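Now for the letters of each chain:
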Amino acid sequence: MNMTMTAPEVSTTALSVRGLVKSYGGRPVLTGVDFDVRYGEIVALLGANGSGKSTALQCIMGLADPDDGGIRLGGADLGPLRGRELAAARQQAAMVFQKVHLVPRLSAVDNVCAGALHRMPGWRSMLPQLYPRQIREEAMACLDRTGMAGRALEQVGRLSGGQQQRVAIARSLCQRATVVLADEPVSALDPHAAEQVMSLLADLAHTEHLAVATVLHQPDLARRYADRAVGLLEGQVDFDVAPADLTGEHLEPLYLPDRVAA
Amino acid sequence: MTTAETRTPRRLPVPSKPRRGLRTSRLVLAAVVIVVLHLLAFQGTGFRPVVLVEGWQGMAGFLAEAFPPDLDWETVLRPGLEATVVTLWIGLLGTTMSIPTALLLAVLGSRTTGAHPLVYQAARSVLSFFRAVPDIVFALIFVTAVGLGPFAGVLALICHNTGVMGKLWAESMEETDQGPQQALRTAGANRMQQAANATLPMVVPQFVGLLLYRFDVNVRSSLVLGLVGAGGIGLLINQSIKSFQFDAMLTHIIVVLVLIVVVDQVSALVRKQLSGPNS
Ligand SMILES: Nc1ncnc2c1ncn2[C@@H]1O[C@H](COP(=O)(O)OP(=O)(O)OP(=O)(O)O)[C@@H](O)[C@H]1O
Ligand SMILES: [Mg+2]
């Protein structure tokens, strides 16, 4: 892949979340969440429905405003940053969604180019037909990295769910993100496509040294693909362990019916 | 033994909704209000079918004079066809020339594109104004500036159509899936880029459909605009009525009907193609 930035050093902290607090309408969702993701590793976020996994990712991406706590991305503390500087710091992180959030009518390569909008000159970013050639070529390389180069010109809406998710991951590569946050990237996929996407995410972490955090509802996938598993319970991190140590003792309290936030 | 055929279907009583009494009394109240409003409206408009029945001779006389239509090529049919084409041009330009203004105001006046609240409110107000003023009023105003003729009609339609189409476009942007736009926001795209690369591509089929629908409506409107002096076949219909040439009037009306049916069918066909396999 022709990423122009220098590859971050392995095992330095890419994303660090400290004491993250967030409540909605007086109801606490996160009450002090701490976790780290290092370059070159993939971390699975586990937790019941409503335990605040998405909320935590949204706070990091700026889609929700945390009430309290600190977030460091690639060494930069987001707290004091405002405006352009904050946006520039956040660009290091890309989000991958369960519902892919691609534009179905546009081609795969056009969708991937859109990840690079932040570094396109004004008027050329207004229409896919005007995107600069270097960016289109970089997008092709990103599609190639996710195994989708052969479908570059197809309308995204016609691709399967797993293929769409790989296009979405290519978009985050074209953004030149060093941190990838994925919210249930495989929840809508069949088992085979889910394996493909998970092994792609793990491979990106291990060979491109990206920091990947992914919300999963399948502990089994976490065991097989993640380097660490973080469990969210009652607004806090309940465990943060190597997947080999992930046992029923960890998981049972997480998914107990009466523990699920009402 | 009960088989699937002989089994009697199980039934359960439907639980009754609480506060039913209140709902019934509200329905009665609504019915009374609607009936009273209609009685007042009948009175206010002199709505008495008897008058229509008694006055049938007037109508019959009028129709008798109109039949057969005057199909004289030089004096009626050719001017009629030429004026109909002008009507079509007024409707076409009134629709297409309002695309830039409608698009700009729709983007600024749509909640999803996240323009500044003041800009949003301003865009919404401008749209409401252009929508609220009927095209015929715009036509009367523009006639005083550019004189009688089709140009005044085009200007009037541009104004009114900007208001209507801008509102419809803004709404279809608000109804579309916000996911792709949010994804581009997290990728660091600015608001213009989000609108141009996510929101607008998502709504292209709806936009084109609404555009064709407005073209359809605007061709009809330009007919009425002709009646107040803004050119086209409306003007000829008006003139033939004023000079009691009802047979010429009928010819013009038939030509207009053909035009409207053709426009309607073509726009329906294109819209069907659009909503077809691709979306
Ligand atoms: N925008 C919002 N407004 C109000 N409440 C919200 C909002 N977003 C999330 N919540 C609430 O916050 C809690 C946590 O939601 P969140 O979506 O983060 O959970 P989750 O762990 O991602 O669950 P799931 O596994 O179902 O995706 C829920 O109780 C939810 O109702
Ligand atoms: Mg969630």
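Computed from a predicted structure; not experimentally measured.

**A look at the overall build of chain A**
Counting secondary structure elements, chain A contains 8 helices and 10 strands. Taken along its principal axes, the extent of the C-alpha atoms in chain A is 55 × 45 × 35 Å. In chain A, of all internal contacts separated by at least 6 residues, the share reaching a separation of at least 24 is 69%. When the accessible surface of chain A is summed, it comes to about 11,200 Å², and 50% of that surface belongs to carbon and sulfur atoms. Each charge sign in chain A was given a centre, from 25 positive and 29 negative side chains, and these centres are 9 Å apart.

**Considerations on the overall build of chain B**
Along chain B, the regular secondary structure elements total 12 helices and 0 strands. Radius of gyration (C-alpha) of chain B: 27 Å, far over the 19 Å computed for a compact globule of 279 residues. Overall, chain B is about 80 × 60 × 45 Å in size when its C-alpha atoms are taken along their principal axes. By the burial criterion, 37% of the 279 residues in chain B qualify as buried. When the accessible area of chain B is evaluated, it comes to approximately 16,800 Å², of which 70% is carbon and sulfur surface.

**Quick word on the environment of Pro 150 of chain B**
Residues and elements named next belong to chain B. Structurally, the position occupied by Pro 150 is in helix H8 (residues 150-175). When the C-alpha positions of Pro 150 and Pro 117 are compared, they lie 38 Å apart, and in sequence the two are 33 residues distant. Discounting chain neighbours no more than four positions away, the residues touching Pro 150 are Val 86, Ile 90, Ala 230 and Gly 231.

**Some details on the interface of chain B and chain A**
Counting residues at the interface gives 20 residues for chain B, matched by 26 residues for chain A. The interface formed by chain B and chain A includes 5 residue pairs in polar contact (both at pLDDT 80 or more). Where the side of chain B that touches chain A is concerned, the elements lending two or more residues are helix H9 (179-186) and helix H10 (191-227) of chain B. Top element by residues in the side of chain B that touches chain A is H10 of chain B. It accounts for 9 residues.

**Quick look at the packing of aromatic side chains**
By the definition in use, this model includes 7 aromatic pairs over all chains. Considering the side-chain rings of Phe 42 of chain B and Phe 47 of chain B, the 4.9 Å spacing of their centres and the 35° angle between planes classify their relative orientation as tilted. Ring geometry for Phe 62 of chain B versus Phe 246 of chain B: centroids 4.6 Å apart, planes at 65°, classification edge-to-face. Of this pair, Phe 62 of chain B sits in helix H3 (residues 56-66) while Phe 246 of chain B sits in helix H12 (residues 246-274), placing them 184 residues apart in sequence. An aromatic cluster is defined as three or more aromatic residues linked by ring pairs; in this entry it consists of Phe 129, Phe 130, Phe 138 and Phe 142 of chain B. One cation-aromatic arrangement involves Lys 22 of chain A over Tyr 24 of chain A; the distance from NZ or CZ to the ring centre is 4.8 Å.

**Examining the packing of helix H4 (residues 73-96) of chain B against H8 of chain B**
Residue and element names in this part refer to chain B. Contact geometry for H4 and H8: axes closest at 7 Å, N-to-C directions at 40°. One way to sum up the angle between H4 and H8 is to call them oblique. Here H4 and H8 pass one another in a crossing that is right-handed. Residues Val 86, Ile 90, Gly 91, Leu 93, Gly 94 and Thr 95 of H4 form the contact with H8, whose own contacting residues are Pro 150, Gly 153, Val 154, Leu 157, Ile 158, Asn 161 and Met 165.

**Notes on the pattern of salt bridges**
Residue and element names in this part refer to chain A. According to the stated counting rule, one finds 19 salt bridges over all chains in the structure shown. Between Glu 41 and Arg 228 there is a salt bridge whose closest N-O contact spans 2.7 Å. In this pair, Glu 41 sits in the loop between strand E2 (27-38) and strand E3 (42-47) while Arg 228 sits in strand E9 (residues 228-233), placing the two residues 187 residues apart along the sequence. For Arg 228, a relative accessible area of 12% puts it in the buried group. The salt bridge involving Arg 224 is made with Glu 195; its shortest N-O contact spans 2.7 Å. Residue Arg 224 is found in helix H7 (residues 219-225), and its partner Glu 195 is found in helix H6 (residues 191-208); the two are separated by 29 residues along the sequence. Classification of Arg 224 by relative accessible area gives partly exposed; the value is 44%. Classification of Glu 195 as partly exposed rests on a relative accessible area of 23%. Linked through salt bridges whose partners overlap, the residues forming this network are Arg 38, Glu 41, Arg 228 and Asp 240.

**Notes on the sheet that holds E3 of chain A**
Residues and elements named next belong to chain A. What the 6 strands build is an open sheet, ordered E6-E7-E8-E3-E9-E10; its pairing is mixed. At either end of the open sheet lies a strand with only one pairing partner, and these are strand E6 (93-96) and strand E10 (236-241). Within the sheet, the average angular offset between the axes of one strand and its neighbour, ignoring direction, is 20°. Along the sheet, helix H5 (residues 161-174) makes contact with E6 and strand E7 (179-183), crossing E6 at roughly 170°.

**Things to note about the pairing of E10 of chain A**
Along any regular strand the residues' side chains alternate between the sheet's two faces. Residues and elements named next belong to chain A. When E9 meets E10, the two strands line up antiparallel, connected through 5 bridges. For Ala 229, the partnering residue across the bridge sits in E10 and is Val 241. The turn joining E9 and E10, which pair antiparallel and follow one another in sequence, is formed by 2 residues; a positive phi near 50° is taken by Glu 234.

**Structural notes on the site of ligand 1**
Residue and element names in this part refer to chain A. Surveying the vicinity of ligand 1 reveals 13 residues, the closest of which are Gly 50, Gly 52, Lys 53, Ser 54 and Thr 55. Gly 52 has a polar backbone atom sitting 2.9 Å from an oxygen atom of ligand 1. Here an oxygen atom of ligand 1 and a side-chain polar atom of His 217 are 2.9 Å apart. When ligand 1 sits alone it has 630 Å² of accessible area, and the protein chains cover 64% of it. Those elements that place two or more of their residues in the shell around ligand 1 are E2 and helix H1 (53-61). Its residues assigned to classes, the shell around ligand 1 comprises 3 nonpolar, 7 polar and 3 charged.

So, how was this worked out
Residues numbered from 1 in each chain as written. Chains lettered and ligands numbered in written order. Predicted model: local features only at pLDDT ≥ 70, side-chain atom pairs only at ≥ 80, totals over all residues. Heavy atoms only, no water. Helix = DSSP H or I, 4+ residues; strand = E, 2+ residues; numbered from the N terminus. Contact = heavy atoms within 4.5 Å. Areas by Shrake-Rupley, 256 points an atom, 1.4 Å probe, with all protein chains shown as cover. Lys, Arg positive; Asp, Glu negative; His and termini not counted. Charge placed at Lys NZ, Arg CZ, Asp CG, Glu CD. Rg over C-alpha atoms; globule rule 2.2 N^0.38 Å. Buried < 20%, exposed > 50% of the residue type's maximum accessible area, 1.4 Å probe, protein only. Polar contact = N/O pair within 3.5 Å; in protein donor to acceptor, adjacent residues only side chain to side chain. Phe/Tyr/Trp six-rings, centres within 6.5 Å; stacked < 30°, edge-to-face > 60°. Lys NZ or Arg CZ within 6 Å of the ring centre and 35° of its normal. Axes fitted to C-alpha atoms, helices over the stretch in contact; angles between N-to-C directions. Parallel < 35°, antiparallel > 145°, perpendicular 65-115°, else oblique. Left-handed = near helix turned anticlockwise from the far one by under 90°. Salt bridge = Lys/Arg side-chain N within 4 Å of Asp/Glu carboxyl O. Pairing = 2+ DSSP bridges. Near = heavy atom within 4 Å. Nonpolar A, V, L, I, M, F, W, Y, C, P; charged D, E, K, R; others polar.

None of the figures reported here should be taken as evidence of function without further support.
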